[in-house]
Number of protein chains: 6
Amino acid sequence: MSWLPSLITATPEEGYDLAIKLSRMAVKKAQPDDEARGRMRPDYANNADSLTVASGVVATNFQTVAAANNYWR
Amino acid sequence: MSWLPSLITATPEEGYDLAIKLSRMAVKKAQPDDEARGRMRPDYANNADSLTVASGVVATNFQTVAAANNYWR
Amino acid sequence: MSWLPSLITATPEEGYDLAIKLSRMAVKKAQPDDEARGRMRPDYANNADSLTVASGVVATNFQTVAAANNYWR
Amino acid sequence: MSWLPSLITATPEEGYDLAIKLSRMAVKKAQPDDEARGRMRPDYANNADSLTVASGVVATNFQTVAAANNYWR
Amino acid sequence: MSWLPSLITATPEEGYDLAIKLSRMAVKKAQPDDEARGRMRPDYANNADSLTVASGVVATNFQTVAAANNYWR
Amino acid sequence: MSWLPSLITATPEEGYDLAIKLSRMAVKKAQPDDEARGRMRPDYANNADSLTVASGVVATNFQTVAAANNYWR
């Protein structure tokens, strides 16, 4: 089964989680080695700027998911 | 209850506050440890570039919230 | 009174000023101490890269304000 | 007279020039001292990364101007 | 044959892969030497911030592809 | 003749090339000296992060060109 069968979600919160998934997938595709990603995690998760930039990627993906869902209006 | 029941807000100001909430949630999901986030705060809050980049994330999320609310026209 | 009663402005120039206000407000909400923000200002205002990144935040907010005003067409 | 009377331009090229003007105005408003901006210029104009980030700001503003002009279709 | 015959894809997942392709192509056009790109890869693929910024580029391209496909609704 | 007579292109690939042209033009306008730009090129073209950020600028401009062309649907 596809990891991304649809951009449609039942709720805004599920849409936000999908935006996080989309953001992580690009990292996973560029660095498929789970261990290599794990080694980077402590530095990343304890650096405010790293977390802020990552939040910006989620924000961009959330724009896409929210538009796809017509903003769950 | 969901932390994000809807993107609809009564006013632009509430929409802006929701954009801030969306920006912080991605950080919280990547670093769930409250103490770890607290440790980063002083450096972050006293660094102009960190604050500017964070403002850019809020701006991206505010685009989404404003569009969802048809710009409160 | 709200600091953001509306996204509608009479002119593009007022819309641009509102975009600057939106950009600064996120900084103010993350660092509410006026003195702390004042201490960062000289370094920030004399660093071309800091100013460029800040201009990018204004550009993102101006997209929102311009769309809200149907581009003042 | 306003520095930004309208987002409408006769041609795409004039629209691009307006996007550059919008990008520079945010810098000018944050650092109004002409001499201070002049001092930063040589470093900025000889740093590829600075120029790339600045090009990104122009790209964001050009999105706004192009949409305002219905892409000069 | 063109490397980009269309922005239309059968599924969201194929659209995401196209967004990755679009993101890589700009790098390839700026640095056409395969060996030079290969030399940069280990550092890049083991740096969390590099991967995050690259994920942001994919997110921007995915916005374009998703809009082109009317979000596969 | 204008360097940007139109945002309309016959194909997505030509649209992508136009996005690259738009991205480079902002650099050229900020640093018109061909030699100065040439001096920066080797460092830039061998730095993965520089190339990634530049790819992000192309992505933003490609959004504009793709929208102008109604995504070549």
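Described in the following lines is the structure provided in the data block.

1. Some details on the interface of chain A and chain E
Step number 1: Of the residues lining the interface, 29 residues belong to chain A; the matching set on chain E comes to 27 residues.
Step number 2: Between chain A and chain E, the buried area comes to about 2200 Å², and carbon and sulfur atoms account for 63% of it.
Step number 3: Connecting chain A to chain E are one salt bridge.
Step number 4: When the shortest N-O distance is used, the salt bridge between K29 of chain A and D17 of chain E registers 3.0 Å.
Step number 5: Where the side of chain A that touches chain E is concerned, the elements lending two or more residues are α1 (12-30), α2 (34-45) and α3 (48-68) of chain A.
Step number 6: In terms of residues, the side of chain A that touches chain E owes the most to one element, α3 of chain A, which gives ten residues.
Step number 7: When its residues are assigned to classes, the side of chain A that touches chain E shows 18 nonpolar, ten polar and one charged.

2. Comments concerning the side chain of S55 of chain B
Step number 1: Position of S55 of chain B among the secondary structure elements: in helix α3 (residues 48-68).
Step number 2: On the accessibility criterion, S55 of chain B (4% relative accessible area) is buried.
Step number 3: Each residue touching S55 of chain B, except ones within four places of it in the same chain, is listed here: S23, A26, V27 and V57 of chain C.

3. Examining unusual backbone geometry
Step number 1: Although it is not a glycine, N70 of chain A adopts a positive phi angle of roughly 50°.
Step number 2: Its location among the elements puts N70 of chain A in the segment after α3.
Step number 3: By relative accessible area, which is 42% here, N70 of chain A ends up partly exposed.
Step number 4: The residue Y71 of chain B is not glycine, and still its phi comes out positive at about 60°.
Step number 5: Summarising the element assignment, Y71 of chain B is placed in the segment after α3.

Cut-offs used in this document
- Residues numbered from 1 in each chain as written.
- Chains lettered and ligands numbered in written order.
- Predicted model: local features only at pLDDT ≥ 70, side-chain atom pairs only at ≥ 80, totals over all residues.
- Heavy atoms only, no water.
- Contact = heavy atoms within 4.5 Å.
- Buried area = accessible area lost by both parts, 1.4 Å probe.
- Salt bridge = Lys/Arg side-chain N within 4 Å of Asp/Glu carboxyl O.
- Helix = DSSP H or I, 4+ residues; strand = E, 2+ residues; numbered from the N terminus.
- Nonpolar A, V, L, I, M, F, W, Y, C, P; charged D, E, K, R; others polar.
- Buried < 20%, exposed > 50% of the residue type's maximum accessible area, 1.4 Å probe, protein only.

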